[in-house]
Amino acid sequence: MRLMIVEDDALLGDALAQGLRQLGHVVDWFRSGDQAGAALASAPFDAVVLDLGLPGNDGMVWLRRWRQAGVKTPLLVLTARDGIEQRVAGLDAGADDYLVKPITIDELAARLRALLRRTAGHAQSVWQHGALEYDPASKTVRWRGAPVELTGRELALLEAFLTESHRVLSKAYLLEKLYDWSGAEPEGNSLEVHIHHLRRKIDPAIVRTVRGVGYALGSDEAVR
Ligand code: CA
């Protein structure tokens, strides 16, 4: 998942970013709502973790503003306020879930997986597509029942295709799913290399090339 964290607390923000990266996610961390809002408009984040206690505008103000602007990205609110009123207000303002601090990475990751599963329209915790099975919790992939060893980037790429299984995804969009903004620019042909590896390790039909547009997941009939 490509995730956005909005948290002004340096220790907590760093712990969340590192913890979620260790679980294989691509993470960008922002300390203020205005930076986060600009980023939301320019990259395809799968989910946002938003702290409510931010300096300047409260997280709730940003949440309302983003929803009014049409941002549909799933959003989980982090709050230190253990009042039922704040939770209800957060959900009414367009949050999809909330967690009360202190939180653990494991619980946060599980809640984010649940949000992604809903977005992707998968009913089960293990995602099925033709003869392919993907478990986002354990990051395991099976093809016709046999385990497939994928690298972190290959897993992230496969997850992006399985999340939007009916769409053609452009190269630029897929690269945004694979790389956060903190590291080096990806190599020019890195996407093609990862796609080549997915086809070799799983099946040539797992990813379809749509000439001049990008790539799409092979239809489930094609990957049985
Ligand atoms: Ca805070």
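Cut-offs used in this document
Residues numbered from 1 in each chain as written. Predicted model: local features only at pLDDT ≥ 70, side-chain atom pairs only at ≥ 80, totals over all residues. Heavy atoms only, no water. Phe/Tyr/Trp six-rings, centres within 6.5 Å; stacked < 30°, edge-to-face > 60°. Helix = DSSP H or I, 4+ residues; strand = E, 2+ residues; numbered from the N terminus. Buried < 20%, exposed > 50% of the residue type's maximum accessible area, 1.4 Å probe, protein only. Lys NZ or Arg CZ within 6 Å of the ring centre and 35° of its normal. Pairing = 2+ DSSP bridges. Axes fitted to C-alpha atoms, helices over the stretch in contact; angles between N-to-C directions. Domains from an automatic or database assignment. Contact = heavy atoms within 4.5 Å. Buried area = accessible area lost by both parts, 1.4 Å probe. Salt bridge = Lys/Arg side-chain N within 4 Å of Asp/Glu carboxyl O.

## A short note on the packing of aromatic side chains
Logical step 1: Per the stated rule, a full pass over the model turns up four aromatic pairs.
Logical step 2: Look at Phe 45 and Trp 181: their rings are 6.0 Å apart centre to centre, the planes differ by 85°, and that puts the pair in the edge-to-face class. With Phe 45 in the loop between helix H2 (33-40) and strand S3 (47-51) and Trp 181 in the loop between helix H7 (171-178) and helix H8 (190-201), the pair connects residues that are 136 residues apart, well separated along the chain.
Logical step 3: The buried category is assigned to Phe 45, whose relative accessible area is 7%.
Logical step 4: Centre to centre, the rings of Trp 62 and Trp 66 are 6.3 Å apart; their planes meet at 35°, and the pair counts as tilted. Placement of both Trp 62 and Trp 66 in helix H3 (residues 59-68) is noted, with a separation of four residues, approximately one turn of the helix.
Logical step 5: Owing to a relative accessible area of 7%, Trp 66 belongs among the buried residues under this scheme.
Logical step 6: Among the aromatic residues, those joined into a cluster by ring pairs are Phe 30, Phe 45 and Trp 181.
Logical step 7: Its guanidinium or amino end placed over the ring of Trp 181, Arg 2 lies 4.8 Å from that ring's centre, counting from NZ or CZ.
Logical step 8: Between Arg 65 and the ring centre of Trp 62, over which it is positioned, the NZ or CZ distance is 4.8 Å.

## Regarding the sheet that holds strand S1 (residues 2-6)
Logical step 1: The strand order across the open sheet formed by five strands is S2-S1-S3-S4-S5, and the pairing between neighbours is parallel. Single-partner strands in this sheet number two, and they are strand S2 (26-30) and strand S5 (97-100). Going from strand to strand, the sheet's axes swing by 20° on average, the running direction of each strand aside.
Logical step 2: The pairing of S1 with S3 spans four bridges and is parallel. Paired with Ile 5 across the strands is Val 49, a residue of S3.

## Structural notes on the domain arrangement of the protein
Accessible area lost upon the coming together of the parts serves often as the stated size of an interface.
Logical step 1: Taken domain by domain, the protein holds domain 1 (2-120) and domain 2 (127-223).
Logical step 2: The C-alpha-based centres of domain 1 and domain 2 are spaced at 25 Å.
Logical step 3: Taken together, the contacts link 18 residues of domain 1 with 15 residues of domain 2.
Logical step 4: Both sides of the domain 1 and domain 2 interface together cover about 1400 Å² of buried area, and 59% of this is carbon and sulfur.
Logical step 5: It is Arg 2, Val 26 and Pro 44 in domain 1 that bury the most area against domain 2; as a group they hold 34% of the surface buried on that side.
Logical step 6: Viewed at the interface, domain 2 and domain 1 are joined by three salt bridges.
Logical step 7: As a salt-bridge pair, Asp 46 and Lys 177 come within 2.4 Å of each other at their nearest N and O atoms.

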